[in-house]
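# Overview (structure and organization)
Single-letter residue listing:
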Amino acid sequence: MELISIQLLQDLGTLTARNLNYVTQLKNESSTALHWKAHPKSWSVLECVAHLNRYGDFYIPEITKRINKSTHKNSKVFKSNWLGRYFSEAVSYKEDLNTMKTFKSMNPLHSELNESTLEKFIDQQHQILDLLKKAKNVNLDKTKTTITISKFIKLKLGDTFRVVIYHNERHIKQAEKVLKKYNE
């Protein structure tokens, strides 16, 4: 799959801004709404966001480090490989959302959460927007990052951005559905 690098970064920036705006608006919701669950093993709105924060805690420093160390100048075209396509497709949002098993360390179920969970996500999204701007100066193919499941597997930076941001969209949509059910 071949994409124009600058267009990819702009599209991911637009999606990040949309996620950021939604979570910013969640600050207007009641604590009851943000903590509500359809059933005890499902996630609340805050748990959806906390899950994303845990991934942000890994990927934001990792992406920052790799961009700062990269000596590969930008290229006009980004070519995703099979591994990047697999991971980005696996975590991307689909209307008939397939449930996935979450690693225990990334599962926020029953965590003590409050509005600071939203603030952390908002801060992380601003950092991602800054990283997307910085990424315009590096090669999205040749700059590689490790991933949460193994330090031995590396993804191209373009694919890492896709995985992180598509995963964010997936769980923001999940949070939207939880809030909609609460309001029914």
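Above this text you will find the structure in question.
For the structure given in this document, a descriptive report is provided here.

Thresholds, definitions, all that
Residues numbered from 1 in each chain as written. Predicted model: local features only at pLDDT ≥ 70, side-chain atom pairs only at ≥ 80, totals over all residues. Heavy atoms only, no water. Buried < 20%, exposed > 50% of the residue type's maximum accessible area, 1.4 Å probe, protein only. Helix = DSSP H or I, 4+ residues; strand = E, 2+ residues; numbered from the N terminus. Arc of directions from axis to C-beta. Contact = heavy atoms within 4.5 Å. Axes fitted to C-alpha atoms, helices over the stretch in contact; angles between N-to-C directions. Parallel < 35°, antiparallel > 145°, perpendicular 65-115°, else oblique. Left-handed = near helix turned anticlockwise from the far one by under 90°. Nonpolar A, V, L, I, M, F, W, Y, C, P; charged D, E, K, R; others polar. 1 Å grid on protein atoms, 1.4 Å probe; cavity = no way out; pocket = protein on both sides within 12 Å on 5 of 7 lines; lining within 4 Å. Points joined across faces, edges and corners; volume = space filled by probe spheres on them.

### What about helix H4 (residues 82-91)?
Every α-helical turn comprises 3.6 residues, leaving residues that sit three or four positions apart pointing alike. Within the sequence span of H4, burial applies to Leu83, Gly84, Phe87, Ser88, Ala90 and Val91. Projected down its long axis, H4 carries its buried residues within an arc of 160°, all on one side. Along H4, the residues that are exposed and aim more than 90 degrees away from the buried face are Trp82 and Tyr86. Contacts made by the buried residues of H4 are with strand E3 (144-147), strand E4 (150-156) and helix H6 (157-183).

### With respect to the packing of helix H5 (residues 115-134) against H6
Two elements in contact, H5 and H6, have axes separated by 12 Å at closest approach and are oriented at 150°. As judged from the angle between their axes, H5 and H6 are roughly antiparallel. As H5 packs across H6, the resulting crossing turns out to be left-handed. Contact residues: Phe121, Gln125, Ile128, Leu131 and Leu132 in H5; Phe161, Val164, Ile165, Asn168 and Ile172 in H6. Taken together, the residues that form the contact of H5 with H6 break down as 8 nonpolar, 2 polar and no charged.

### What about empty space enclosed by the protein?
A complete count under the given rule lists 1 cavity of 30 Å³ or more for this structure. Estimates place the volume of the largest cavity at around 30 Å³. Forming the boundary of the largest cavity are Leu52, Tyr55, Gly56, Ile60, Gln124, Gln125, Ile128, Val164 and Asn168. Elements supplying a minimum of two residues to the lining of the largest cavity: helix H3 (45-69), H5 and H6. No other element matches the 4 residues that H3 contributes to the lining of the largest cavity. Looking at side-chain class alone, the lining of the largest cavity contains 5 nonpolar, 4 polar and no charged residues.

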